[in-house]
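Descriptive structure summary
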Amino acid sequence: MASSFSLRKGMSRILDGIMKYRQTLRPLLLEEFQKVATGPSPEGLLLTCVDSRVVASRITQAVPGQLFIVRNPGNLVPNHNCFRNNVTVGGECAALELACSINKAQVIVVIGHSDCKAMNLLYSIRDDLKSPSKGPLEDWLRVHGRGTIEQFKKLESTTCFERKLIFAGAQHYEDDFEAYIDPYNQFKPSDKFSQVNALEQLKNFLSYPFLKDRLNRNELEVHALWTDISKGEVYMFSFQEKTFVKIDETSYKTLALECI
Ligand SMILES: [Zn+2]
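What counts and what doesn't
- Residues numbered from 1 in each chain as written.
- Predicted model: local features only at pLDDT ≥ 70, side-chain atom pairs only at ≥ 80, totals over all residues.
- Heavy atoms only, no water.
- Helix = DSSP H or I, 4+ residues; strand = E, 2+ residues; numbered from the N terminus.
- Rg over C-alpha atoms; globule rule 2.2 N^0.38 Å.
- Buried < 20%, exposed > 50% of the residue type's maximum accessible area, 1.4 Å probe, protein only.
- Contact = heavy atoms within 4.5 Å.
- Areas by Shrake-Rupley, 256 points an atom, 1.4 Å probe, with all protein chains shown as cover.
- Domains from an automatic or database assignment.
- Buried area = accessible area lost by both parts, 1.4 Å probe.
- Salt bridge = Lys/Arg side-chain N within 4 Å of Asp/Glu carboxyl O.
- Polar contact = N/O pair within 3.5 Å; in protein donor to acceptor, adjacent residues only side chain to side chain.
- Nonpolar A, V, L, I, M, F, W, Y, C, P; charged D, E, K, R; others polar.
- 1 Å grid on protein atoms, 1.4 Å probe; cavity = no way out; pocket = protein on both sides within 12 Å on 5 of 7 lines; lining within 4 Å.
- Points joined across faces, edges and corners; volume = space filled by probe spheres on them.

**Focus: the overall build of the protein chain**
Across its full length, the protein chain holds ten helices and eight strands. What you see for the protein chain is a C-alpha radius of gyration of 19 Å, in line with the 18 Å of a compact globule of 260 residues. With respect to the three principal axes, the spread of C-alpha positions in the protein chain is 55 × 45 × 45 Å. Burial status across the protein chain gives 43% buried among its 260 residues. Contacts in the protein chain between residues far apart in sequence, at least 24 positions, make up 58% of those at least 6 positions apart. With an accessible surface of roughly 14,300 Å², the protein chain has 54% of that area assigned to carbon and sulfur atoms.

So this is what it looks like as structure tokens:
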């Protein structure tokens, strides 16, 4: 089976994967599963893109029971206004309540990534929002990605994307925060757009009454990560450095100081 594993596709490959997991990973994780079988106490929620290349639990080395994971195209956080008066229901809102109100998760992390197909699409239609939408993905992006477009337009109004952006409060008592996007100009414009998008989502957590109280009491923190999927590198937005910083052996200790 091992030699043919990568040749198989679809459900056959999923089935093969489960057999491989039984034989290799399950024995190692069994103790972890038993520990959390009756009383998990997840510590955080990751909100990431549906993209198949973003392996959030792998890059964080999460163990069973540690993290909730919510995924949607473009790792967008709908503003709570969308759910007022029970006109609309949404998985993101319900997941935030489950993780951070019913359970007491201590951290929410938005994870963006390079070559995001959802962000690439929003980037491509950023000057043409009045045209009819071509499908539900465009609808989703148009409704929840407007803030990202507005921020990015400020950035691209400068010749080398060097402008400092101001994002609305995310934590720390609702203070606005500043950000320089890709100051070393390593990434293409659509990836800069994706980084702007990850930061723009943070303000929306404060729109949820059940999150706002906990954020203002410093019981909950929010962060943004961004992963370069072609290199397998993960960046953390540093509120101190005001930019995404690659997480490595040099930066780790300083970045850890920014965590409650
Ligand atoms: Zn994506």
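**As for the domain arrangement of the protein chain**
You can read the domains of the protein chain as domain 1 (1-39) and domain 2 (40-256). If you average the C-alpha positions of domain 1 and of domain 2, the two centres end up 30 Å apart. Residue-level contacts link six residues of domain 1 with five residues of domain 2. Three residues, Glu-32, Val-36 and Gly-39, lead the burial of domain 1 against domain 2; their summed loss comes to 78% of the area buried on that side. There are zero salt bridges connecting domain 1 and domain 2. Run the count over domain 1 and domain 2 and you get zero residue pairs in polar contact (both at pLDDT 80 or more). In terms of residue class, the side of domain 1 that touches domain 2 is made up of three nonpolar, two polar and one charged.

**Some points on the layout of surface pockets**
Empty space within the largest pocket amounts to approximately 740 Å³. Lining the largest pocket we find 24 residues, and of these Thr-60, Val-107, Val-109, Leu-225 and Cys-259 sit closest to its centre. Of all the elements in the fold, those that place two or more residues in the lining of the largest pocket are strand S1 (44-49), strand S3 (107-113), strand S6 (221-228), strand S7 (233-238) and helix H10 (252-256). Tallied by class, residues from the lining of the largest pocket come to 15 nonpolar, six polar and three charged. By volume, the second largest pocket is sized at about 540 Å³. Taken together, 18 residues line the second largest pocket, and the ones lying closest to its centre are Leu-25, Leu-29, Ser-57, Arg-58 and Ala-62. Among the elements of the structure, helix H2 (25-36), helix H3 (56-59) and strand S2 (67-72) are those that each provide at least two residues to the lining of the second largest pocket. Two domains share the lining of the second largest pocket, each providing at least three of its residues, namely domain 1 (1-39) and domain 2 (40-256).

**A short note on the pattern of salt bridges**
According to the stated counting rule, one finds 16 salt bridges in the structure shown. Here Asp-115 ties to Lys-117 by a salt bridge, and the two come within 2.9 Å at their closest N and O atoms. Between Arg-214 and Glu-219 there is a salt bridge; the shortest N-O distance is 3.4 Å. Take Glu-219: its relative accessible area is 35%, and that puts it in the partly exposed class.

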